[in-house]
Amino acid sequence: MGEAVAGIVANPASGRDIRRLVAQASVFPTAEKANMVQRLLAAFAATGVQRAVLSSDLGGISASVGQALDRGGRPPEVEFCDAEPLTGTAVDTTNAVRRMVDEGAGVIVCLGGDGTARVAAAACGDVPLLALSTGTNNAFPEMREATVAGLAAGLIASGQIDPDLVTRRMSVLEVVTKARREIALVDVCVSLIRHVGARALWEPASLTELYCTFAEPDGIGLSSIAGQLCPSPRSSADGVALQLGPVGETPYVVQAPIAPGLVVPVGVRGWGVLRPGVRVELAAAGGVIAVDGERELELKNGESAFVELRSEGPWCVDVRATMAEAARRGLLRTTTAAAPGKERRR
């Protein structure tokens, strides 16, 4: 095997949307994101990763990490993605992930929320993705200690564990309009609101359709609505489709945690199974389509769109399975002369 390379992309803007004004979501400040990157690097070093490719940003994460590296330590060789001009938008994440793929990264760790993970997933190709939560809604990324996640990522990047054993290909929802094509890792929703505006969705009264790749009963965000009616695990090839409506006009009402600290009643007209490969026309003429909780696509009156559940999503690292495999094979331990069954030297 050649050089062991791992990538880290950290979004400085994750966890800073309008839901901070209407809920009590956790905050991941720049300093904590920089600390998480450093903990990832320490784990990379312990697992034999020789080079780490890191995203650059305008929010101070890469600057803080760079200052820490100047003070010494034993991380792998670090290379920042600073060849492309920074825009302060999702384009920076896309450019960074593509650079990591080109540099031969064996795994990419993404720090952000559902939106950041979505952008990274669209650019990572077949390189395994490990998404860590630092956003507002974190239905897709994991809330996990970065050190342990870094050990799992490093064991894969260094070739000690075959990614085929500990990664799973996720489904995605593909939304197609006349002008654009977008993917969603968790959900696609249709809103009667006519403009993107502040992007984040936090008023469910305007929602008419919801499509989910999975629906967990203990989830957060819009997929939690489906999770209380028709749970569907991430391991299932099928998704879920719901028809929504105003409370008082629907046969079902779900008290749903659509954002941290925000539990609201959502009216549901009905639901059903969403099969892979089946295109569903969206009744969104003149409205807005949101992907993974953020309004992205504005439709003009009469403009059509469809959504399709596809199985060709990102390969995602199962941290627990990776660490269990490491324990089974003894990859993070050594045997000394004092081990049981061996005579101690005097």
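Along each chain, the written sequence defines residue order, and numbers are assigned to residues from 1. This being a predicted model, a pLDDT of at least 70 is required before a residue's local features are given, and a value of 80 or more before pairs of side-chain atoms are given or counted; all residues contribute to the totals for chains, interfaces and linings. Processing note: side-chain calculations cover all non-hydrogen atoms of the structure and skip hydrogens and water entirely.

As for the pattern of salt bridges
- Salt-bridge detection follows one rule: a side-chain nitrogen of Lys or Arg within 4 Å of a carboxyl oxygen of Asp or Glu. Under the definition given, this model contains 22 salt bridges.
- We note a salt bridge from Arg-99 to Glu-79, for which the minimum N-O separation is 2.7 Å. Pair noted here: Arg-99 is in helix 4 (residues 90–102) and Glu-79 is in strand 3 (residues 77–81), with a separation of 20 residues, a long-range link.
- Burial status follows relative accessibility: with a 1.4 Å probe on protein chains alone, a residue under 20% of its type maximum counts as buried, one over 50% as exposed, and anything between as partly exposed. Residue classification places Arg-99 among the partly exposed positions, given a relative accessible area of 22%.
- The closest approach of N and O atoms between Glu-312 and Arg-310, which form a salt bridge, is 3.5 Å.
- The network of salt bridges with common partners includes Glu-174, Arg-181, Arg-279, Glu-308, Arg-310 and Glu-312. Secondary structure elements follow DSSP: runs of H or I of four or more residues count as helices, runs of E of two or more count as strands, with numbering from the N terminus.

Remarks on the packing of helix 2 (residues 30–46) against helix 6 (residues 146–157)
- Running from N to C, helix 2 and helix 6 point in directions that differ by 40°, and their axes come no closer than 8 Å. Here helix 2 is positioned oblique relative to helix 6, judged by the angle of their axes. The element helix 2 and its partner helix 6 pack so that their crossing is right-handed. Contacts between helix 2 and helix 6 involve Met-36, Arg-39, Leu-40, Ala-43, Phe-44 and Ala-46 from the former and Ala-146, Thr-147, Ala-149, Gly-150, Leu-151, Ala-153 and Gly-154 from the latter. Every axis in this analysis is a line fitted to C-alpha atoms, fitted for helices over the stretch in contact. Angles between the N-to-C directions lie between 0 and 180 degrees. Should an angle fall under 35 degrees it is called roughly parallel, over 145 degrees roughly antiparallel, and 65 to 115 degrees roughly perpendicular, with every other angle called oblique. In a left-handed crossing the near helix is turned counterclockwise from the far helix by less than a right angle, and in a right-handed crossing that turn is clockwise. When checking whether two residues touch, look at their non-hydrogen atoms; a contact exists if any pair is within 4.5 Å.

Some remarks on helix 4
- Helix length check: helix 4, at 13 residues, gives a terminal C-alpha distance of 19 Å against a target of 18 Å (1.5 Å per residue), a fit within 8%.
- Those residues of helix 4 that sit buried are Asp-92, Thr-93, Thr-94, Ala-96, Val-97 and Met-100.
- Packed against the buried residues of helix 4 are strand 1 (5–10), strand 2 (51–55), strand 3, strand 4 (108–112) and helix 5 (114–123).
- Looking at the residues trailing helix 4, positive phi occurs at Gly-104, about 85°. A helix is expected to span 1.5 Å multiplied by its residue count minus one.

A word on the environment of Glu-325
- Its location among the elements puts Glu-325 in helix 9 (residues 319–329).
- Taking the C-alpha atoms as reference points, Glu-325 and Leu-165, separated by 160 residues in sequence, lie 8.7 Å from one another.
- In this structure Glu-325 touches Ile-161 and Leu-165, once residues within four positions along its chain are discounted.
- Polar contact is the term for a pair of N or O atoms within 3.5 Å; when the atoms are in protein, one must be able to donate a hydrogen and the other to accept it, and sequence-neighboring residues count only if both atoms are side-chain atoms. Within the local environment of Glu-325, its side chain forms a polar contact with the side chain of Arg-328, the two groups lying 2.8 Å apart.

Things to note about the sheet that holds strand 12 (residues 252–259)
- Here a strand pair is declared whenever DSSP counts at least two bridges between the two strands. Pairing within the open sheet is antiparallel, and its seven strands lie in the order 12-13-11-10-9-15-16. Lying at the two open borders of the sheet, with one neighbouring strand each, are strand 12 and strand 16 (294–298). Between one strand axis and the next, the sheet turns by 35° as a mean value, whatever way the strands run.
- The pairing of strand 9 (residues 187–191) with strand 15 (residues 288–291) spans four bridges and is classified as antiparallel. Its bridge partner lying in strand 15, Val-190 is registered against Ile-289.

Points about helix 5
- The element helix 5 is extensively covered by neighbouring structure, given that nine of its 10 residues are classed as buried.
- Along helix 5, the positions that sit buried rather than exposed are Asp-114, Gly-115, Thr-116, Ala-117, Arg-118, Val-119, Ala-120, Ala-121 and Ala-123.
- Phi for Gly-125, located one or two positions after helix 5, is positive at around 60°.

Here's the deal with the side chain of Arg-118
- With respect to the helices and strands, the residue Arg-118 is situated in helix 5.
- The exposure class assigned to Arg-118 is buried, which follows from its relative accessible area of 7%.
- Among the polar contacts listed, one links the side chain of Arg-118 to the side chain of Glu-182, at a separation of 3.0 Å.

Quick look at the packing of helix 4 against helix 5
- Packing of helix 4 against helix 5 leaves a shortest axis separation of 9 Å and a crossing angle of 40°. Judged by the angle between their axes, helix 4 and helix 5 are oblique. Helix 4 and helix 5 meet at a crossing whose hand is right-handed. Across the interface between the two elements, Ala-90, Thr-93, Thr-94, Val-97, Arg-98 and Val-101 of helix 4 pack against Thr-116, Val-119, Ala-120 and Ala-123 of helix 5.
- In this classification, the charged set is Asp, Glu, Lys and Arg, the nonpolar set is Ala, Val, Leu, Ile, Met, Phe, Trp, Tyr, Cys and Pro, and all remaining amino acids, among them Gly, are polar. Broken down by class, the residue content of the contact of helix 4 with helix 5 amounts to six nonpolar, three polar and one charged.

So, the sheet that holds strand 14 (residues 279–281)
- If you trace the four strands from one edge of the open sheet to the other, you get 8-7-17-14, paired in antiparallel fashion. In the strand order of this sheet, the two ends are held by strand 8 (181–184) and strand 14, each with one partner. Averaged over neighbouring strand pairs, the angle between their axes works out to 25° when direction is ignored.
- Both strand 7 (residues 172–177) and strand 8 contribute to a ladder of four bridges, which runs antiparallel. Counted as the bridge partner of Val-176 is Arg-181 from strand 8.

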